[in-house]
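# Close look at the chain arrangement
Chain by chain, the residues run as shown.
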Amino acid sequence: MSKQQNNNNFLDFIFKTPKKLTFTKLYRFYFDFILRLLYRVFIFENIPETVSETFLKLILFTQGKICFMEGEKIDESSKELLALNCSRADAPDVYYIPRKALITNPRLKKSYMLTPGEDCEIVYLSEADKYNLSEINGGLYILIERTAVMLADNDISINISQKNTRLTNLVSGDTQNTVDSIRAVICAMYEGDPTIVVKSSLIDKLQGIPILNNTSNNQNLVQLIEVQQYILSHFFEQIGICTHDQMKRERLVTAEINDNIDLAFLNIDDILISLQEGFDRVNSMFDTDIQIHLNPIIERQKEEQEAALSMQTEDAAEDQTEDAAEDQTEDAAEDQTEDAAEDQ
């Protein structure tokens, strides 16, 4: 009897673990963790019952496109609206945009070769994903992968720093008996023995050689935790979502923050526009009413950010007006002084 594949096997085309990566489980944890955060960015409404919203988000974020089609599901004769991953098929047009979409899925009775705009519609995460012809993974996959690797790697550094706090001195012994005696004393100390009697010859040995500065290690641990927060906040800033990390936020003025977001890797507003346009095409073809908008929390952050920038701009304009008035007053005073001197 052949072994049945599970869902993870079917999704291996999405989760391609980077080569020479030893912390695979930790990497996959952070990859999934970032995806779960991204799922909250957009709110989908009126999704048909035959379309999986979670799968829809997964494919959009990791591949950059998803195909809406009417297909027969297993053991059913009626056609239902499906949203599935697709790949390039046939030669592209003169602008290198694929003219056909190939749908293959182990749970469907057959494969489909469809024409966008005629018997299917493709929703793209961004304009750039229309031209992702050679790579399987598009969308935010590269950015998610990079962030997951950095978070997993830094997590290991945090763990190592924690372990280093356990060892503060290196002790030595000339004989095995001395080593055993030192080990027994240290074990008794860790067990909380309030009174430990040792030979005077062991006193100097027990003082040991300091190999780790606790203060320095604690500072290193704090820095690694801050780096963890910075990596995650930097990911969101790369897609145009304002965050408040611990490392640099207090050193940036509002204008600098907005400049960074305007120059984001893939601005969240561009993603929203592309998705809205795609779902408009889907609604027109399949008579649906799928709607998408930003999470109200992110909307509120954007409004607060814009209000802060507007206030800062007004303050700067007032300062310039006051400086100009002061300069005019000083110039007038100097002119009066010069005229008085000439009259005398």
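Rules behind the numbers
- Throughout, residues of each chain are indexed from 1 in the direction in which the sequence is written.
- Local features in a predicted model are, by the rule used here, given only for residues with pLDDT of at least 70; side-chain atom pairs are given and counted only at 80 or more, and totals for whole chains, interfaces and linings are based on all residues.
- Excluded from the side-chain calculation are hydrogens and water; included are all heavy atoms of the structure.
- To qualify as a helix, a DSSP run of H or I must reach at least 4 residues; to qualify as a strand, a run of E must reach at least 2; elements of each kind are numbered from the N terminus.
- Accessibility here uses a 1.4 Å probe with only protein chains present; expressed as a share of the type maximum, an area under 20% marks a residue as buried, one over 50% as exposed, and anything in between as partly exposed.
- We get accessible surface area from the Shrake-Rupley algorithm with a probe of 1.4 Å; when it comes to residues, only the shown protein chains can shield them.
- The working definition used for a salt bridge is a side-chain nitrogen of Lys or Arg within 4 Å of a carboxyl oxygen of Asp or Glu.
- Note: two strands are recorded as paired if DSSP finds a minimum of 2 bridges between them.
- Note on geometry: axes are C-alpha line fits, over the in-contact stretch for helices, and angles between N-to-C directions span 0 to 180 degrees.
- Residues belong to one nonpolar core when they are buried, are Ala, Val, Leu, Ile, Met, Phe, Trp, Tyr or Cys, and are joined through side-chain atoms within 4.5 Å.
- Throughout, a residue-residue contact means that at least one pair of heavy atoms, one from each residue, lies within 4.5 Å.
- Between 65 and 115 degrees an angle is taken as roughly perpendicular, under 35 as roughly parallel, over 145 as roughly antiparallel, and anywhere else as oblique.
- Take the far helix as your reference; a near helix turned counterclockwise from it by less than a right angle gives a left-handed crossing, and one turned clockwise gives a right-handed crossing.
- All amino acids are sorted into three groups, where Ala, Val, Leu, Ile, Met, Phe, Trp, Tyr, Cys and Pro are nonpolar, Asp, Glu, Lys and Arg are charged, and the leftover types, Gly among them, are polar.
- Only rings of Phe, Tyr and Trp enter the pairing, Trp through its six-membered ring, and a pair is recorded when the two centres are within 6.5 Å. The plane angle decides the type: under 30 degrees is stacked, over 60 is edge-to-face, the rest tilted.
- For patches, a residue must show more than 30% relative accessible area and have no salt bridge; joins then use 9 Å for like charges and 5 Å for nonpolar side chains, namely Val, Leu, Ile, Met, Phe, Trp and Tyr.
- To count as a disulfide, a pair of cysteine sulfur atoms needs to be within 2.5 Å.

## What about the overall build of the chain?
Looking only at helices and strands, one finds 10 helices and 10 strands in the chain. Counting across all 344 residues of the chain, residues that qualify as buried make up 34%. For the chain, the accessible area works out to roughly 21700 Å², and carbon and sulfur atoms hold 50% of it.

## Focus: the pattern of salt bridges
Counted according to the given criterion, the structure contains 4 salt bridges. The salt bridge involving Asp32 is made with Arg36; its shortest N-O contact spans 2.6 Å. Placement of the pair is Asp32 and Arg36 together in helix α2 (residues 24–39), with a separation of 4 residues, close to one helical turn. The partly exposed category is assigned to Asp32, whose relative accessible area is 32%. Here Arg281 ties to Glu121 by a salt bridge, and the two come within 3.3 Å at their closest N and O atoms. Taken together, the residues Arg281 in helix α9 (residues 268–286) and Glu121 in strand β7 (residues 121–124) connect sequence positions 160 residues apart. On the basis of relative accessibility, which here comes to 30%, the residue Arg281 falls in the partly exposed class.

## Observations regarding the sheet that holds strand β6 (residues 112–114)
In spatial order, the strands read β4-β5-β6; together these 3 strands make up an open sheet with antiparallel pairing. The open sheet has two edge strands, β4 (87–92) and β6, and neither has a second partner. The average undirected angle you get between the axes of adjacent strands in this sheet is 25°. Taken together, the 4 bridges between β4 and strand β5 (residues 98–103) define a ladder with antiparallel strand orientation. Residue pairing across strands places Ser87 opposite Leu102, the latter belonging to β5.

## Some words on the nonpolar core
Residues Leu38, Phe42, Leu56, Phe68, Leu275 and Phe279 are the most contacted members of the largest nonpolar core, which totals 49 residues. Among residues more than four places away in sequence, those in contact with Phe68 are Val51, Leu56, Leu81, Leu82, Ala83, Cys120, Glu121, Val123, Phe279, Val282, Phe286 and Ile290. Membership of the second largest hydrophobic core comes to 13 residues, among which are Leu84, Ile103, Cys120 and Ile122.

## Let's talk about the packing of α2 against helix α4 (residues 141–164)
When two helices pack together, their arrangement is given by the angle between their axes and by how far apart the axes lie. Two elements in contact, α2 and α4, have axes whose closest approach is 8 Å; the angle formed by their N-to-C orientations is 130°. By the criterion of interaxial angle, the relationship of α2 to α4 is oblique. As for the relative orientation of α2 and α4, their crossing is right-handed in sense. Every residue of α4 that contacts α2 at Leu26, Tyr27, Tyr30, Phe31, Ile34, Leu35 and Leu38 is listed here: Tyr141, Ile144, Glu145, Thr147, Ala148, Val149, Leu151, Ala152, Asp155 and Ile156. Of the residues belonging to the contact of α2 with α4, the class tally is 14 nonpolar, 1 polar and 2 charged.

## A closer look at the environment of Val282
Mapped onto the secondary structure, Val282 falls in helix α9. Owing to a relative accessible area of 0%, Val282 belongs among the buried residues under this scheme. Considered as a pair, Val282 and Met69 are 213 residues apart in the sequence and their alpha carbons are 9.1 Å apart. The contact partners of Val282, leaving out residues within four places of it in the chain, are Phe68, Glu121, Val123, Asp287, Thr288 and Ile290.

## Brief notes about the packing of aromatic side chains
A complete count under the given rule lists 10 aromatic pairs for this structure. Taking 5.9 Å as the distance between ring centres and 80° as the angle between the ring planes, the aromatic pair formed by Phe68 and Phe279 counts as edge-to-face. Linking Phe68 in strand β2 (residues 65–72) with Phe279 in helix α9, this pair joins segments that are 211 residues apart in sequence. The same class applies to Phe68 and to Phe279, which are both buried.

## Topic: the environment of Tyr112
Positionally, Tyr112 belongs in strand β6. In this structure the C-alpha to C-alpha distance between Tyr112 and Met69, which are 43 residues apart in sequence, comes to 9.4 Å.

## Brief notes about a nonpolar patch on the surface
Among the surface-exposed residues, Val94, Tyr95, Tyr96 and Tyr131 lie close enough to one another that they form a single nonpolar patch of about 540 Å² accessible area. By secondary structure assignment, the location of Tyr95 is in the loop between β4 and β5.

## A word on the state of the cysteines
Throughout the structure, instances matching the rule amount to 0 disulfides. No disulfide involves Cys120; its sulfur sits 3.7 Å from the nearest other cysteine sulfur, which is in Cys67. According to the relative accessible area criterion, Cys120 is buried, its value standing at 0%.

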